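# Structural overview
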Amino acid sequence: MREPPERRDRRRGLGPAGWFGAAVALAVLATAALSLVWTPHDPSVMAVAEKLRGPSATHPLGTDHFGRDTLSQLMAGARVSIAVSLIAVGLGAGLGVPLGLLAAARRGWVDEAVMRFNDLAFAFPVLLTAVLITALLGPGAVNAILAIALFNIPVFARVTRGAALGIWTRPFIQAARLAGRGRVRISLDHVLPNIGGTLIVQGTIQVALAILAEAGLSYLGLGSQPPDISWGRMLNESQTFLFLAPRLALLPGLAIVVTVLGLNLLGDALRDRLDPRLGRPREDA
Amino acid sequence: MSPTASRPTARNLGSALVALVVAAACTVTATLADPRPARAAPPDSIVLGMVLEPPHLDPTAGAAGAIDEVVYANVFEGLTRIAHDGTVLPGLAQRWDVSDDGLVYTFHLRRDVLFHDGTAFTADDAVFSLQRAIDTDSVNAQKGLFAAIDSAVALDGYTLIVALSHPQALLPFNLGWGDAVMVAPESADTNRTAPVGTGPFRFVRWVQGDRVELDAFPDYWGEAPALKAATVRFIPDPAAAVAGLMAGDVDAFPNMPAPESLPALEADPRFTVSVGTTEGETILAMNHRRPPLDDIRVRRAIAHAIDRRALIDGAMFGYGTPIGSHFAPHHPAAVDLTSLSAHDPERAKALLAEAGIAPGSLTLTLHLPPPSYARRGGEIIAAQLAEVGITAKVIPVEWAQWLDQVFRGHDYDLSIVSHTEPLDIDIYERGDDYYFGYENPDFEAVMADLRVTTDTAARAALYGRAQRLLAEDAVNGFLFQLPKTGVWDARLRGLWTNSPIQANDLTGVSWTE
Amino acid sequence: MAWFLARRAMALAITLLAASLVVFCVLEVLPGDPALLILGTGAREDTLAALRASMGLDRPAWERYLDWVGGLMTGHLANSLTYDVPVLALLAPRLAVSGPLALMALTLAVALAVPLGVLAAARRGRATDTAVMGLSQLGVAVPNFWLGLLLVLVFAVGLRWLPAGGFPGWEAGAGPALAALALPTVALALPQAAILARVTRSAVLEVLGEDYMRTARAKGLSHAEALWRHGLRNALIPVVTIMGLQFSFLLAGTIIIETVFTLPGVGRLIVQAIGQRDLVVVRDLVVLLAATVGVVNFLVDLSYAVLDPRLRQGGAGGRDA
């Protein structure tokens, strides 16, 4: 395959878009971390008399319907949104990657079983899973994590399996096989390091998707619950103030857009750099 | 390929594609520009907005207030009816006599009443309706309303005799509930999806998930309503409710779900905003089975920790009347007892110390059902309890879970809920069966007296005593009376401003101009 | 090919059976009593028991499961617990909303994305490309429900061009019905279009570099002709794959968009039915959704064979590579 020339150029660095993405992702992470120790106001302290104030010197982004400081809430909201997404994707990868590796290493009925499990998990849209989990265990951030993680398992299993199958055909693996190494050892020592780039890229994309999913769930009232603050939760609370204070709906939405945009740009740049093959169609993807 | 050759072709391809996109965009714009149908031009119909869709349309087989809000007084009528001010008026019974011992009611029925399917309403239908409600396999959600009824027989086609096992002063009121409306044997089983009643409006169709359509019944026995048709639309999302009103898709929202949107709508001359009363006592329910909530000092401490004003301002945007006991403040027998549980954090802390509870050592669960009064109110109450050293762990639940876990399972510490049935102070005599598990023989004695007392003044005195007992025992945190906040087109007249029962009676509604 | 089809059909059947077991078990342990939910806090125990018996909830679980699966196979579905009408009767009018919504959104997304993607590829590195890619990055990042809220603010409340929500029904005429679906369609379609445009662009770029494209050009075909005759067909494979994968997102998207616009669609029916503990409706709809996703993935696999001549000759070809 002949590579488009521009892509070859970009592989040396992240490129301006990639750096922008990295900067946004870092900024969001830093804000979330900062909110642990400092926010302009306590994000959960209510002052009903101060409710729905517009931007001012004390409240740069105004206050919400309980008189809480919107800027502080946005900062604290980043924390929950990021934490939920990272944990959910981490869980999904933690279960999906081994499944994918196993399927690629063993083939046969193991492969078949993993793929059937994937079909089953894919058959339930993430929102439906979340609604069921919520009905079962009650709403909350933990259940949002569960639902998003469940959705991520088959994604990682598929991507890992596909990429790993490609590695298994390489000569050096054949050599290792001939040297008598076990399939599990080969998977861990040779396959996993070689598909790491692919997984990191997929991970970035999945975190972006998870942020959107968390927002959607919380917007529907199925995700984070008070007193937890998340961007989706803020959107959920703001929807009845759409006409009174559209700012309250616009700001968390913008925060989500910027964060997801940043993560996606970073993911694309990483893909160009780490894994030029990802753009290619894989029949088993 | 040379650059010079490639550019024009690429441009051709490009412009072709641009044309495609423009075409696609035009299609979209054409769809977008399609004019919205203007609101029904002749002002003889109405589009009513409701938050909840009823699960079905038979008020005698379900508790959902949404059923009554669609069909009560519009499609179905009872022997008596409850008017907008809460008084009991004759309905399908023109009048009734009570025997001296209060044990026999004789109802004289109207003779000119037809069901929507054309059959006549007679005493036999009335017997059938009552019998169906009290039968062993009855699925009437308020079977208790009929508990005193021993038998119901038709003396002739238009005279109904109801014999009671014990005197029940409230019988005519009870028979005015939606759960006691008159149905016909032919249609009783299908009323859930295709209700057939005797009211001024008949059921046309139900687009599940969206709306119910009604139109005027030409053979109605009473005065014909001004409206020829009514559509009830179900809009669960408060933002969509406001948008629907603003965009003119909905003419009236008799129970506006978002109190915060009222000030803006009030300022808009297109709308009338009405704030009235309901029978909904909103309480912070406490589980008396769970220590330390069995300790009256702890319950009083919680009551004193609550700042009702801040709660009403924060959760209800100022709409709502504080209550000091489980009784509607607009009822003539109501006594203002709010001072017994005035906001007093110091007192609350002292009471907790007295009960041997160190600050910060008490953690209670706070189960919150979906309505915003509960969810928002819960957030505020949790913050207020924190100020006196009680940690409230907020647990949002759906109604299904609330009913299962809190109401039936008694597995909770605190919960916020509005009791919307009229005159439901008697739930406090249900003792350990009921979810808060309050037991007080004195209170039960007052209730027993009430059941047999018919004199208005004596009843008021008994109600007053009952209210005081509940307030003194700090059975629950008594928060506020749920307001009826309605918004409608300023040209509409005749919608109920108060809500003595859950209903949207359209018989008197008309457009001006 | 036949072997491949049979294997896929088998797999689909097993998936559906597993899905039915999963959903039945979940619903069994779901807290909440449908009878209590219908009759409310004023109901007496005997009344509740009477209602439960009339719903058939007093029978053992395995019996109810077998009845249900047997009913599914023979096409006999039970009545909804809350509405007391056959599930299909409940579903049909909902499908008449969700189906057109999803199809229109998909059509609009493809109609926007494929031309824009090809355009961006054809003008790689130029301003057009940058603009299209920038917009698509933005589109991918926008939550569709938030976009829906913005559209309502602008077009329903601000400009008053379109209804803010609700659905008048198709019998009210195509005009009002389409008007009600316009904003939801756009809210669903734009994020999808953004993803598809990106996939299309990179697929076309890959194809442009292939040998057969150079051969086609050497045979005297113009650039556009070559792209059209040989390139697009091959470029469509990844696009179709992503469309298949996005389908389940689209379904999920309808749930949330139907909530934003209060449309009486399948998504809201499920959420509502779970809230009302209408176990009959929930289990039927979940299996239906799972079946839909399964069938769509199956069709995607089939479309490879149609689109890719290599796969057509080699049977199941790439799937087990």
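Naming follows an unreviewed UniProt entry, where chain C appears as Peptide/nickel transport system permease protein of Roseospira visakhapatnamensis. Under the Sequence similarities (unreviewed entry) heading, UniProt states for chain C: "Belongs to the binding-protein-dependent transport system permease family."

Where an unreviewed UniProt entry is consulted, chain A appears under the name Peptide/nickel transport system permease protein, with the organism given as Roseospira visakhapatnamensis. The UniProt entry for chain A carries this comment under Sequence similarities (unreviewed entry): "Belongs to the binding-protein-dependent transport system permease family." According to its UniProt record, chain A has this under Subcellular location (unreviewed entry): "Cell membrane".

Let us now look at the overall build of chain A. Within chain A, the secondary structure is distributed over ten helices and zero strands. The N-to-C order of helical and strand elements in chain A reads α-α-α-α-α-α-α-α-α-α. The principal-axis extent of the C-alpha atoms belonging to chain A is close to 75 × 50 × 30 Å. Within chain A, counting contacts between residues at least 6 apart in sequence, those at least 24 apart form 70% of the total. Here chain A contributes 27 positively and 19 negatively charged side chains, and the mean placements of these two sets differ by 8 Å.

Next up on the list: the UniProt feature "transmembrane region" (unreviewed entry) in chain A. Residue and element names in this part refer to chain A. Look at the UniProt record and you will see "transmembrane region" (unreviewed entry) annotated at residues 20–38, 82–105, 117–138, 144–170, 191–221 and 241–267. Taken end to end, residues 20–38 comprises 95% helix and 0% strand; its first and last C-alpha atoms sit 25 Å apart. Spanning residues 191–221, this segment combines 94% helix with 0% strand, and its end C-alpha atoms are found 41 Å apart.

What follows deals with the UniProt feature "transmembrane region" (unreviewed entry) in chain C. Residue and element names in this part refer to chain C. Those residues carrying the UniProt feature "transmembrane region" (unreviewed entry) are residues 101–122, 134–157, 177–197, 235–257 and 285–307 in this numbering. Span residues 134–157 is 92% helix and 0% strand, its end C-alpha atoms 29 Å apart. End C-alpha atoms of residues 177–197 are separated by 28 Å, and the span's content is 100% helix alongside 0% strand.

Residue and element names in this part refer to chain B. Tallying each qualifying case throughout the model produces 25 aromatic pairs over all chains. Judged by centre distance (6.0 Å) and plane angle (45°), the rings of W96 and F107 are tilted. Taken as a pair, W96 in strand β4 (residues 93–98) and F107 in strand β5 (residues 104–109) lie far apart in primary sequence, eleven residues in all. For W96, a relative accessible area of 23% translates into the label partly exposed.

Attention now moves to the nonpolar core. Core analysis: the largest hydrophobic core is formed by 300 residues, its most contacted members being V162(B), I302(B), Y428(B), Y435(B) and F436(B). Residues within four places of V162(B) in sequence aside, it is in contact with L103(B), V104(B), Y105(B), F107(B), L130(B), I149(B), S151(B), A152(B) and L171(B). Of all hydrophobic cores here, the second largest spans 19 residues; its members include L248(A), M256(B), L262(B) and L265(B).

Residue and element names in this part refer to chain A. All told, the structure shown has 36 salt bridges over all chains when counted by the stated rule. In this structure, R233 and E237 form a salt bridge, with 3.1 Å as the shortest nitrogen-oxygen distance. Residue R233 and its partner E237 are located together in helix α9 (residues 231–238), separated by four residues, close to a single helical turn. Considered together, R233 and E237 belong to a single accessibility category, that of buried residues.

Taken together, the contact between chain A and chain B spans 22 residues of the former and 21 residues of the latter. Together chain A and chain B conceal approximately 1,700 Å² of surface at their shared face, both sides included; 67% is due to carbon and sulfur atoms. In this structure, the connection of chain A to chain B is made through one salt bridge. A salt bridge links R68(A) to E379(B); its shortest N-O distance comes to 3.3 Å. At the boundary of chain A with chain B, the tally comes to one residue pair in polar contact (both at pLDDT 80 or more). For the side of chain A that touches chain B, the secondary-structure elements that each account for two or more residues are α5 (126–137) and α9 of chain A. Residue contributions to the side of chain A that touches chain B peak at three residues, all from α5(A). Residues of the side of chain A that touches chain B, tallied by class, amount to twelve nonpolar, six polar and four charged.

Okay, the UniProt feature "domain: ABC transmembrane type-1" (unreviewed entry) in chain A next. With numbering matched to this structure, UniProt assigns "domain: ABC transmembrane type-1" (unreviewed entry) to residues 78–267 of chain A. Regarding residues 78–267 of chain A, the helix share stands at 84% and the strand share at 0%, and the terminal C-alpha atoms are separated by 19 Å.

This prediction gives chain C a mean pLDDT of 80; 92% of its residues lie at or above 70. Across the interfaces of the predicted complex, the ipTM metric reaches 0.80, alongside a pTM of 0.79.

Residues and elements named next belong to chain B. With antiparallel pairing, four strands are arranged side by side in an open sheet as β4-β5-β7-β6. A single partner strand is all that each edge strand has here, and the edge strands are β4 and β6 (149–156). Across the sheet, the mean angle from the axis of one strand to that of its neighbour is 20°, orientation sign disregarded. Summarising the sheet, β6 and strand β7 (residues 159–164) pair through six bridges and their orientation is antiparallel. Looking across to β7, one finds that S151 is bridged to A163. The strands touched by helix α3 (residues 123–134) within the sheet are β5, β6 and β7, with β6 carrying the most contacts at an inclination of about 165°.

Following P291(B), the chain continues into P292(B) via a peptide bond in cis, with omega recorded as 0°. Considering the arrangement of structural elements, one finds P292(B) in the loop between β12 (271–286) and α7 (296–305). Here the phi dihedral of R107(A) falls at roughly 55°; this positive angle occurs in a residue that is not glycine. Position of R107(A) relative to the elements: it lies in the loop between α3 (70–106) and α4 (108–123).

What follows is about the interface of chain C and chain B. On the chain B side, the residues contacting the 69 residues of chain C number 66 residues. Taking both sides of the interface into account, the surface hidden between chain C and chain B amounts to around 5,300 Å²; carbon and sulfur atoms contribute 61%. For the chain C face of the interface with chain B, the top three residues by lost area are T41(C), Y83(C) and R160(C), together amounting to 11%. For the salt bridge of K143(B) with D46(C), the shortest nitrogen-to-oxygen distance reads 2.9 Å. If you look at where chain C meets chain B, you find six residue pairs in polar contact (both at pLDDT 80 or more).

Moving on, we come to the pairing of strand β1 (residues 45–50) of chain B. Counting buried residues along β1(B), six of its six residues qualify, which places the element largely inside the surrounding structure. Burial along β1(B) is two-sided: S45(B), V47(B) and G49(B) and I46(B), L48(B) and M50(B), pointing in opposite directions, are all buried.

The rules behind these values
- Residues numbered from 1 in each chain as written.
- Chains lettered and ligands numbered in written order.
- Predicted model: local features only at pLDDT ≥ 70, side-chain atom pairs only at ≥ 80, totals over all residues.
- Heavy atoms only, no water.
- UniProt positions renumbered as here; feature names shortened; annotations may be inferred.
- Helix = DSSP H or I, 4+ residues; strand = E, 2+ residues; numbered from the N terminus.
- Contact = heavy atoms within 4.5 Å.
- Lys, Arg positive; Asp, Glu negative; His and termini not counted.
- Charge placed at Lys NZ, Arg CZ, Asp CG, Glu CD.
- Phe/Tyr/Trp six-rings, centres within 6.5 Å; stacked < 30°, edge-to-face > 60°.
- Buried < 20%, exposed > 50% of the residue type's maximum accessible area, 1.4 Å probe, protein only.
- Core = buried A, V, L, I, M, F, W, Y, C linked by side-chain atoms within 4.5 Å.
- Salt bridge = Lys/Arg side-chain N within 4 Å of Asp/Glu carboxyl O.
- Buried area = accessible area lost by both parts, 1.4 Å probe.
- Polar contact = N/O pair within 3.5 Å; in protein donor to acceptor, adjacent residues only side chain to side chain.
- Nonpolar A, V, L, I, M, F, W, Y, C, P; charged D, E, K, R; others polar.
- pLDDT = per-residue confidence, 0-100.
- Pairing = 2+ DSSP bridges.
- Axes fitted to C-alpha atoms, helices over the stretch in contact; angles between N-to-C directions.

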